[in-house]
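Results of the structural survey
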Amino acid sequence: MSQTKITRVLIPSGALGLNYDKQALRRGLAAKPDIIAVDGGSTDSGPAYLGRGESKYSRSSTRVEWQGLMQARAEAGVPLVIGTAGTCGADSAVDWMLDITREIAADLGQSVKIAVLRSSQDGAEMARAFADGRITALPNAPDVNAQTFNECSNIVALAGAEQIAAAIQTGADIIIAGRTTDTAIIAALPLMNGAHAGAAWHGAKIGECGALCATNPQSGVITVEFDDEGFTITPMADGANATPHTVSAHMLYENSDPFILYEPGGHLDVTQADYTALDGRRVRVTGSNWVPSELYTVKLEGARPAGFQSVLIALLRDPRYVENAQKWADDIHTKCCAKVEERLNLTPQDYQIEIRLIGQNASFGALETRTPDPVEIGAMGIVTAKSEELTGEIAKMLNPYLLHHPLSAAEEQPTFAFPFSPADMNRGAIYEFCLNHVLELADPMDAFSLEVIEVG
Amino acid sequence: MANLGQIVEKVRSKNAGPFWLTVDIFCGTPEAFVQVSNGLTTARVARVFATDEATIKRFDIAALNVVKFSLPRPSIQGAADDRDMHGASWAALLAELPLN
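Residues numbered from 1 in each chain as written. Chains lettered and ligands numbered in written order. Predicted model: local features only at pLDDT ≥ 70, side-chain atom pairs only at ≥ 80, totals over all residues. Heavy atoms only, no water.

Regarding the pattern of salt bridges
All names here are of chain A.
- Tallied over the entire structure, the rule returns 32 salt bridges over all chains.
- A salt bridge links glutamate 411 to arginine 320; the shortest N-O distance between them is 2.7 Å. Placement of the pair is glutamate 411 in the loop between α13 (388-404) and β18 (424-433) and arginine 320 in helix α11 (residues 319-323), with a sequence separation of 91 residues.
- For lysine 335, the salt bridge is made with aspartate 331, and the minimal N-O distance between the two is 3.0 Å. Residue lysine 335 and its partner aspartate 331 are located together in helix α12 (residues 325-343), separated by 4 residues, close to a single helical turn.
- A relative accessible area of 39% places lysine 335 in the partly exposed class.
- Several salt bridges converge on common partners, so that one network encompasses Arg59, Arg63, Glu103 and Asp107. (Salt bridge = Lys/Arg side-chain N within 4 Å of Asp/Glu carboxyl O. Helix = DSSP H or I, 4+ residues; strand = E, 2+ residues; numbered from the N terminus. Buried < 20%, exposed > 50% of the residue type's maximum accessible area, 1.4 Å probe, protein only.)

Considerations on the domain arrangement of chain A
- Here chain A is described as being made up of domain 1 (7-302 + 438-455) and domain 2 (318-416).
- Put simply, the middle of domain 1 of chain A and the middle of domain 2 of chain A, counted by C-alpha atoms, are 43 Å apart. (Domains from an automatic or database assignment.)

Details of the side chain of asparagine 65 of chain B
- You can see asparagine 65 of chain B is positioned in the loop between β4 (57-61) and β5 (66-72).
- Beyond its immediate chain neighbours, meaning those up to four positions away, asparagine 65 of chain B contacts Ile25, Phe26, Cys27, Gly28, Thr29, Pro30 and Phe33 of chain B. (Contact = heavy atoms within 4.5 Å.)

Section: unusual backbone geometry
- That bond from serine 421 of chain A to proline 422 of chain A is cis: its omega, -5°, falls within 30 degrees of zero.
- Note that proline 422 of chain A resides in the loop between α13 and β18.
- Although it is not a glycine, asparagine 345 of chain A sits at a positive phi angle of roughly 55°.
- Here asparagine 345 of chain A is to be found in the loop between α12 and β16 (351-358).
- Phi at asparagine 65 of chain B is positive, roughly 55°, even though this residue is not glycine.

In structure tokens form, the structure reads like this:
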């Protein structure tokens, strides 16, 4: 067995805001962790959170769960780190998390040293980096030009283990990090302590979703122990067991390649990894390989405004209309577009109207293979245009069609069910992801800033 | 003829970042794994998702009884034409595919 120090990382859940099992957290604390690490975000909820620089989780839930972790930290006397604070990890979300932390520290009477790692990037600076050839596309990246970077409302770079290590080295009690890779907050301390690099990154990948790598996945809490050969996964909740199957299968999860994982400074290769059950609950993994890269790159994420949107929903329950819903929707689309273009003096490039039929093919559109016989159909009208005013005007023109449009001119005017008044739901500005690129850095800290704040 | 979803334990799809979709077929047994691995061609998966076969990454993992496909997302996550933010529904299209 290993000669170097074991580094024990306590992971309360896959994300702050998803809750964790309190009893399991106590067990994790009893196992004497060296650090508590929790993820605060992901791109998985879509571009609006990065576009707006906001959290998807409720402030109250975040506060309750973060308070529990701040108390656990004080008890354990070890650092607490959150990565990708506030869902997107933009500076505004980091500041939101910092505010919550200050409030809790005041409430609990805690004196804490907080290291804040910021990941937001300046659009003009990124446009220059692109012009200089320091930004390159990853597979299936959208086309970009220098202007794309200026159009983004937020761009973040994903920090790796080096930037988290710098934050840990400040001696901070709490580290609030902007966008990081999911794994970096877990891998950083083991790497600093001389753990096997392949094990550090592989264990971090397995642990990043908490107990998702075990049975009873919603219990959240796990401990990962790292040494100079491998790592061991131990779930902390009752009824949560890690098996070689649950652990190795987690490499499949939300990963396009289940054997290779790219990180700042290199990649993890788990092709030769060996998964062994230590008992019914714990799994030991060895044989993971870390391959350093020549260039140090960090991934960029960017979201830019993509117009304004309004949504209307009408419910069709009359069997004749349910049966002919597509014809009805297509006819509305043709007639409403003609009216919009005539009355607002628009061309088809200026706006978009789409009617998705819920109960028929709203999930897959033309790719749907089943032909349904539904009781009812929800007609979801989606209006997108360049300004909020225009979107509102078009939605109000679509409204009477969704309410009264007949299948034939001869029949009595039908009326469908609107569940709401007003019928149109203004979604405000919408956003789109527009970067899938990496930025080359001479020094890992070049795109990041670190600030240390004493509270209380 | 049975559907893929009736032969295997579970078909799961998720985003792998905003630009990729990944589909994991948990076959459950070595027999089902062989049946899926041999019976489900990448060309057929490409037709289900209306994409180019050459863009699909395929992994046949006997140790886990898993067949995995990763492909460029049919539309970028959250784009105007995207219908499923988390990409989890796409599994159904594959699960309903008849398999010999």
